[in-house]
2 protein chains.
Amino acid sequence: MDIALGIDIGGTNTKIGIVNREGEILQKTSLPTSSENLSHSFLNELQDEVDELLNSNDDLTLSGIGVGAPMANSRTGIVSNAANLNWEGKVNLREFLQKRYQVPVFINNDANLAAVGEKTYGAAVGMQDFIVITLGTGLGGGIISNGELVQGPDSLAGEIGHITVRENGRHCGCGRKGCLETYVSSSGIKRTVYKLIADRNDSDSLLAKVLFKDLTSEVIYNAAMKGDSIAKEAFKHTGEILGLQLANLVMFTSPRAIFLVGGVANAGDLLFEPAKKSMESHLLRSCQNTVKLLPSKLDDNNVPILGASALVWESVDHMIANSVDI
Amino acid sequence: MDIALGIDIGGTNTKIGIVNREGEILQKTSLPTSSENLSHSFLNELQDEVDELLNSNDDLTLSGIGVGAPMANSRTGIVSNAANLNWEGKVNLREFLQKRYQVPVFINNDANLAAVGEKTYGAAVGMQDFIVITLGTGLGGGIISNGELVQGPDSLAGEIGHITVRENGRHCGCGRKGCLETYVSSSGIKRTVYKLIADRNDSDSLLAKVLFKDLTSEVIYNAAMKGDSIAKEAFKHTGEILGLQLANLVMFTSPRAIFLVGGVANAGDLLFEPAKKSMESHLLRSCQNTVKLLPSKLDDNNVPILGASALVWESVDHMIANSVDI
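Just so you know, these numbers come straight off a predicted model, no measurement behind them.

Criteria and thresholds
- Residues numbered from 1 in each chain as written.
- Chains lettered and ligands numbered in written order.
- Predicted model: local features only at pLDDT ≥ 70, side-chain atom pairs only at ≥ 80, totals over all residues.
- Heavy atoms only, no water.
- Contact = heavy atoms within 4.5 Å.
- Buried area = accessible area lost by both parts, 1.4 Å probe.
- Salt bridge = Lys/Arg side-chain N within 4 Å of Asp/Glu carboxyl O.
- Polar contact = N/O pair within 3.5 Å; in protein donor to acceptor, adjacent residues only side chain to side chain.
- Helix = DSSP H or I, 4+ residues; strand = E, 2+ residues; numbered from the N terminus.
- Nonpolar A, V, L, I, M, F, W, Y, C, P; charged D, E, K, R; others polar.
- Buried < 20%, exposed > 50% of the residue type's maximum accessible area, 1.4 Å probe, protein only.
- Pairing = 2+ DSSP bridges.
- Right-handed = clockwise from strand over helix to strand, strands pointing away.

**Student:** A description of the interface of chain B and chain A should follow, citing residues and the corresponding values.
**Tutor:** With 39 residues of chain B at the interface, the matching set in chain A holds 39 residues. Where chain B abuts chain A, roughly 3,400 Å² becomes buried across the two surfaces, and 59% of that area is made up of carbon and sulfur atoms. Across the pair A:Arg256 and B:Asp154 runs a salt bridge whose closest N-O atoms are separated by 2.8 Å. Linking chain B to chain A there are 14 residue pairs in polar contact (both at pLDDT 80 or more). Listed by contribution, the elements that provide at least two residues to the side of chain B that touches chain A are β9 (139-145), α6 (229-253) and α7 (269-282) of chain B. Per-element accounting of the side of chain B that touches chain A gives the leading share, six residues, to α6(B). Broken down by class, the residue content of the side of chain B that touches chain A amounts to 16 nonpolar, 14 polar and nine charged.

**Student:** Can you explain the pairing of strand β11 (residues 257-261) of chain B? Please cite residues and give values.
**Tutor:** Residues and elements named next belong to chain B. Burial analysis of β11 places five of its five residues in the buried class, the great majority of the element. Burial along β11 is two-sided: Ala-257, Phe-259 and Val-261 and Ile-258 and Leu-260, pointing in opposite directions, are all buried. Across five bridges, strand β8 (residues 130-135) lies against β11 in parallel orientation. In the strand pairing of β11, Val-132 is matched with Phe-259. Across four bridges, the pairing between β11 and strand β12 (residues 292-295) is parallel. The partner of Ile-258 across the bridge, within β12, is Leu-293. Traced from β11 through α7 to β12, the parallel crossover comes out right-handed.

Shape descriptors only; they carry no functional weight alone.
This is the structure in structure tokens:
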């Protein structure tokens, strides 16, 4: 059976999965992501785990390997100074894996993987123009235009978490101020909750009883479900800021759909309704009611592995399509 | 000699030019753009002019026809309800021209033409990732990513004049408020001049002696050159708003260069310097000093004809490239 290997290198753990063409994860394993003795330790451990997975079944034909990692450059195959991974300098993951397994290796960042995953297995199958917004600790964007991932020469396209939405706004981890992700992300909504409590001097809110470090989008969601007005307002505010920027995004690439994935997006209508309303009211008339705002169809936990494996099928399909064209 | 025909359908006049592969306009003519009896009058007149141009030289081999028109849909070849042209309903320009001349016909809007023109003959030759911003009465964007025009399914991508930059900001012709082009365009800078005169209660400014209807970016430029502080401030303000949005654009598609073309952009450093400074200060650090802000290399007056003809060579090159790949 033809399979793809999906590898998701995260800050703490690295997950590896064997995925078939239908997007089923046949087997899965993980190991700690280590930053010590990178090339002699982590990469060898990674290789051992992969070998074990692949050897567990004789019937598997490896079509390729997809890797998701922060600061991954899809063109060079190199991960450079990935702060989240504590990796210093440059690591050429593609070269390492290609040499070892003699199959095509593809590498990309999380948001781009989410977009390719949605296109291959999820709610965007058959779509040529759409955008995926990942809402985790930060905010990422994967843009598919005319069927292709918009990446830019250094694979830096889609960093829309760092669009400036408020001049002299909230401090961002990137060192600047007013970036979109300081408002729209799980850390953004948490900051909005504290701001609202401060503005309203509201010590009765359920959320005023939670320490800053313990606030998560899930805690805020649960409070909103119990009718807490700070929690509901925080989602509304987050959705409104997001919606305006989604309208601006539509002006750039004119997508048919935008998918909101992960973290805050799991709140469903609490986020989708104000976001949709704000998006429509900020869209050029000719674009109104032309763009769907949708949830993902993929399981949150598996998105990076699925997306990584989808890079492989994407490339296989591309080759087939090109040879059919001739 | 292989030639392309470039047709630029504007609000008042339609210009037609014969262009060679090097981007030289060999012959040029024009006719009034008429909205009366569209199909029986204007289209026939257009055809007569084209016939005359093509018959003037036996040595010409027509490779294709490129057409620039507002509200042109590049995929269908149709111009729909173009307000600037007073054309009601739908006009299938591509079908009309293809039937008559039996060559490939390409159609697109001004900003996209400017981008393709710059790529084929201008300052972007050999570039794969860049954006052209046209600054006329409005603001348009032509985005080239990985060598291809980003168009979207309805050919509506790049409408970045209608990004919302100020909630409840200036009224826009599109019926909404706070669109980028209400600040950054020849009409935008004119409004900024009047706002500054109002704010400062400055009746001594050279520009306070000019009626609103007579203000143009050239008049404002000339006043700035004479040291008028309102005029200089208006360019600075315009450049700063533009620069922030250029930084946001970079986050989307990660271009290598952005070209500012036409109208306000002709003011050179007066606009480019504040725009560049503002762009750099709003860029994610990894993107700082990676994007050039440049003027066009094409003659302003000929950009639409050149861009339209470039659509033809673009397609010819595409066909050659694909057959070489095989």
